[in-house]
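# Report on the structure
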Amino acid sequence: MRFIGDYTAKADAKGRVFLPAPFRKVLEAAGELHLVLRKDVFQPCLVLYPESVWNVRLDDLKSKLNPYVSGHQMIMRKFVADAEPIELDSNGRLLISKRKMEFAGIKSDVRFLAVDEKIEIWDKDSLEKLLDENDSLGADLESILGGGA
């Protein structure tokens, strides 16, 4: 399952926001009814996973951690402590907790960015600023995929 697109929406005062219809269609086609929302580990945004994708990511992490190493226990604890199950309501909205809205700096304008098999949820202005500041895509792709001179 892959998501494609970049959409804006507005969150209401309770933190409810419509998941863009193209994303809902992908989820419905895959039979994904349950989602998992957590803070991103690198950026001030939220990440929405279909439950099956979350389970694969969690299994991958778990396979690399030793439960008898205290540091590994803490990594797992921190990773799962912030995850919460999400279900869309009958109108296709999801509810984002106040704590997560504050983490991502979301006040009202939300930007949903498809990143392969997950969906990032950003404060609209924060994502625009980040993308404008990091305008090195061509050079980055050349260094990774260019294959030398």
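Residues numbered from 1 in each chain as written. Predicted model: local features only at pLDDT ≥ 70, side-chain atom pairs only at ≥ 80, totals over all residues. Heavy atoms only, no water.

## Describing the overall build of the protein chain
Stated formally: The numbering of helices and of strands both runs from the N terminus, where a helix is a DSSP run of H or I of at least 4 residues and a strand a run of E of at least 2. Only protein chains enter the area calculation, which uses a 1.4 Å probe; residues under 20% of their type maximum are buried, those over 50% are exposed, and those in between are partly exposed. For this analysis, residues touch if any pair of their heavy atoms sits within 4.5 Å.
Assigned secondary structure in the protein chain consists of six helices and eight strands. Reading the secondary structure of the protein chain in the N-to-C direction produces β-β-α-β-β-α-α-β-β-α-β-β-α-α. Per-residue burial for the protein chain yields a buried fraction of 34% across its 149 residues. Pairs at least 24 apart in sequence give 59% of the contacts found in the protein chain among residues at least 6 apart.

## Some remarks on the nonpolar core
Short version of the rule: Here, nonpolar core means buried Ala, Val, Leu, Ile, Met, Phe, Trp, Tyr and Cys residues that are tied together by side-chain atoms lying within 4.5 Å of each other.
Membership of the largest hydrophobic core comes to 22 residues, with the highest contact counts inside it found for Val-17, Leu-19, Leu-48, Leu-94, Ile-96, Phe-112 and Ile-121. Where this core is concerned, the elements lending two or more residues are α1 (21-29), β3 (35-39), β4 (46-50), α4 (98-104), β7 (109-115) and β8 (118-123). Residue contributions to this core peak at three residues, all from β7. In this structure Ile-121 touches Leu-37, Cys-45, Leu-46, Leu-48, Leu-94, Ile-96, Ile-106, Val-110, Arg-111 and Phe-112, once residues within four positions along its chain are discounted. The next biggest cluster of nonpolar side chains, apart from the first, holds 10 residues, and it includes Val-47, Trp-54, Leu-65 and Phe-79.

## Brief notes about the packing of helix α2 (residues 51-64) against helix α3 (residues 70-81)
Helix packing geometry: the angle between the two helix axes and the distance between the axes. The test is simple: Axes here mean lines fitted to C-alpha atoms, for a helix over just the part in contact, with angles spanning 0 to 180 degrees between N-to-C directions. Put simply, angles under 35 degrees are roughly parallel, angles over 145 are roughly antiparallel, angles from 65 to 115 are roughly perpendicular, and the rest are oblique. With the far helix as reference, a near helix turned anticlockwise by less than a right angle produces a left-handed crossing, and one turned clockwise produces a right-handed crossing. Classification used: nonpolar for Ala, Val, Leu, Ile, Met, Phe, Trp, Tyr, Cys and Pro, charged for Asp, Glu, Lys and Arg, polar for all others including Gly.
Relative orientation of the contacting elements α2 and α3 amounts to 170 degrees, with a least axis distance of 10 Å. As summarised for this structure, α2 and α3 are arranged roughly antiparallel, according to the angle between their axes. At the point where α2 passes α3, the crossing takes the right-handed sense. Residues Trp-54, Leu-58, Leu-61, Lys-62 and Lys-64 of α2 form the contact with α3, whose own contacting residues are His-72, Ile-75, Met-76, Phe-79 and Val-80. Classifying every residue of the contact of α2 with α3 gives seven nonpolar, one polar and two charged.

## Points about the pattern of salt bridges
Applicable threshold: In the sections that follow, a salt bridge refers to a side-chain nitrogen of Lys or Arg positioned within 4 Å of a carboxyl oxygen of Asp or Glu.
Considering all chains together, one arrives at 12 salt bridges under this definition. One salt bridge connects Asp-109 with Lys-10, and the closest N-O pair in it is separated by 2.4 Å. Of this pair, Asp-109 sits in strand β7 while Lys-10 sits in strand β1 (residues 6-10), placing them 99 residues apart in sequence. Take Asp-109: its relative accessible area is 30%, and that puts it in the partly exposed class. Its relative accessible area of 55% is what places Lys-10 among the exposed residues. Asp-82 is paired through a salt bridge with Arg-99; the nearest N and O atoms lie 3.1 Å apart. Here Asp-82 is found in the loop between α3 and β5 (84-86), whereas its partner Arg-99 is found in helix α4, with 17 residues between them in sequence. Take Arg-99: its relative accessible area is 47%, and that puts it in the partly exposed class.

## Comments concerning unusual backbone geometry
Here the phi dihedral of Asp-116 falls at roughly 65 degrees; this positive angle occurs in a residue that is not glycine. Residue position: Asp-116 is located in the loop between β7 and β8.

## Re the sheet that holds β7
What counts, and what does not: Should DSSP find at least two bridges between two strands, the strands are regarded as paired.
Sheet architecture is open: six strands sit in the order β1-β7-β8-β4-β3-β5, paired in antiparallel fashion. The open sheet terminates on both sides in strands that have one partner only, identified here as β1 and β5. Across the sheet, the axes of successive neighbouring strands diverge by a mean angle of 30 degrees, strand direction being ignored. Where α2 meets the sheet, its contacts fall on β3, β4 and β8, and the angle it forms with β4 comes to roughly 105 degrees. Sheet strands touched by helix α5 (residues 124-133): β1, β7 and β8. Its angle to β8, the strand with the most contacts, is close to 100 degrees.

Honestly, it's all geometry; don't read function into it.
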